[in-house]
Amino acid sequence: MTACSPPITFIINSGRCGSTALSEVLRSHPRVLSLSEFFRLIGIHALAPGQCTGREFWRLLSEPRPHITAMLRYRVEPAEIIYPVDAPGRFNRASGVPAVSAVALPHLTSDPDRLLDELHEYTVSLPVQTRPDHFRSLFAWLCTRFGRDIVVERSGGSLHMLGDLRRAFPEARFVHLYRDGHRVAVSMSGHTGYRLWVLAQDADRSVHPETIIDDLGERVLSGELPGEQELARMTTAERTGKLLRAMRFPVDQPRLPVWRFGVLWTAMVSLGTAELAALGANRLLNVDFDGLLVDPASQLGRIDRFLQAPALRCSRWPVLAAELLRPDAKDWRAGLTDVERRRLEIACRPGMKLLYGRAA
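Residues numbered from 1 in each chain as written. Predicted model: local features only at pLDDT ≥ 70, side-chain atom pairs only at ≥ 80, totals over all residues. Heavy atoms only, no water.

Turning to the environment of Ile 150, a few remarks are in order. Looking at the secondary structure, you find Ile 150 in strand S5 (residues 150-154). Ile 150 sits in the buried class, given a relative accessible area of 2%. Sequence separation between Ile 150 and Thr 9 is 141 residues; the distance between their C-alpha atoms is 7.9 Å. Excluding its chain neighbours within four sequence positions, the residues that come into contact with Ile 150 are Pro 7, Arg 31, Val 32, Leu 33, Cys 143, Leu 307 and Gln 308. (Helix = DSSP H or I, 4+ residues; strand = E, 2+ residues; numbered from the N terminus. Buried < 20%, exposed > 50% of the residue type's maximum accessible area, 1.4 Å probe, protein only. Contact = heavy atoms within 4.5 Å.)

What follows concerns the confidence of the model for the protein chain. Summarising the model, the protein chain shows a mean pLDDT of 85, and 82% of its residues fall at 70 or more. Note that residues 234-241 has pLDDT below 50 and, in this model, 17 contacts with residues that lie over four places away or in other chains. Segment residues 244-252: pLDDT under 50, and 23 contacts once partners within four positions in sequence are set aside and those in other chains are kept. (pLDDT = per-residue confidence, 0-100.)

With that out of the way, let us pick up the pairing of S5. Within S5, five of the five residues are buried, which leaves it mostly tucked inside the rest of the structure. What you see with S5 is no split at all: Ile 150, Val 152 and Arg 154 on one side and Val 151 and Glu 153 on the other are buried throughout. Pairing geometry for strand S2 (residues 32-36) and S5, over five bridges, is parallel. Its bridge partner being in S5, Ser 34 is matched across the sheet by Val 152. (Pairing = 2+ DSSP bridges.)

Enumeration according to the criterion identifies 16 salt bridges in this entry. For the salt bridge of Glu 24 with Arg 27, the shortest nitrogen-to-oxygen distance reads 2.6 Å. Taken together, the positions of Glu 24 and Arg 27, both in helix H1 (residues 19-27) and three residues apart, correspond to about one turn of that helix. Taking relative accessible area as the criterion, Glu 24 reaches 35% and is therefore assigned partly exposed. Between Glu 171 and Arg 136 there is a salt bridge whose closest N-O contact spans 2.8 Å. On the criterion of sequence distance, the pair formed by Glu 171 in the loop between helix H9 (162-168) and strand S6 (173-178) and Arg 136 in helix H8 (residues 131-146) is long-range, its members being 35 residues apart. Its relative accessible area of 31% is what places Glu 171 among the partly exposed residues. The exposure class of Arg 136 is buried, given its relative accessible area of 4%. Residues joined by salt bridges that share partners form a network here, namely Glu 77, Asp 86 and Arg 93. (Salt bridge = Lys/Arg side-chain N within 4 Å of Asp/Glu carboxyl O.)

Spelled out as structure tokens, the structure:
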């Protein structure tokens, strides 16, 4: 393990449950280095076993993700992508954006290209070591660069990464952020990334959705669509063509049933609950986002106490940061027919029981 690496906390969540807002709030904490969408956009493959050089590690950070470039090209990228692709700069919609630059670096600074250059100079000089140790070195460097003491990484939809993160960083702590599954599913249904995730699951359930999305995204970006025989080798489902159309013309995709996202949410919660059980009470904090909105100062105080030693706590931060959160009063039932609502309730029921001990 890298010497003097800062304490690391991961905010684990299903996505579309307020985690982006929490990242924004944590960015205001004087002790916290807030990393937003870091592992989500670099890819969990970055924690593969074995060792690599600093230059190989740099490639993990700097290579654009093909499916993100596809979204940028067709102007359907999610709002979380905050690199200024439409402003005069180094990267644009056609070139794609380095994985670490799409969200994480502009979340930290108004000059992400300069920070990327500094990051390049540092990482290529790193010795051969495991990938988790490369990340520990990087986190230590970023904390020094920004004058922070602890790292909090938050990626949307990270529940499925929990096992990999727990094994790669056995010293880390975890905040499990969750929310009413009906709200989450409705929000997922309007999000390009989650629509592609559901379509990728249709294409082949034996392969991780991100792998399929990236493989097909590369072909789309090159202007080359796989033929039928090649598609048969890449995926096994009948609806692969639907996924290709979603990558090429995402705006024109018909609306997917909202209950499909309830099923996705329940699956993520079920998988995450099993992994969370492996964490001791001293390494896990459960936070209900709706409860956070009702009493932000108190809940942010819980998070502050969990993140750090008493000597590092910021007594005024929970009260000041509470002003950054805004209640969400929208009813998840709005716009759904009675049939759609009932199907969504059925899809979310197992996940709601796991999280709340009740179905609704």
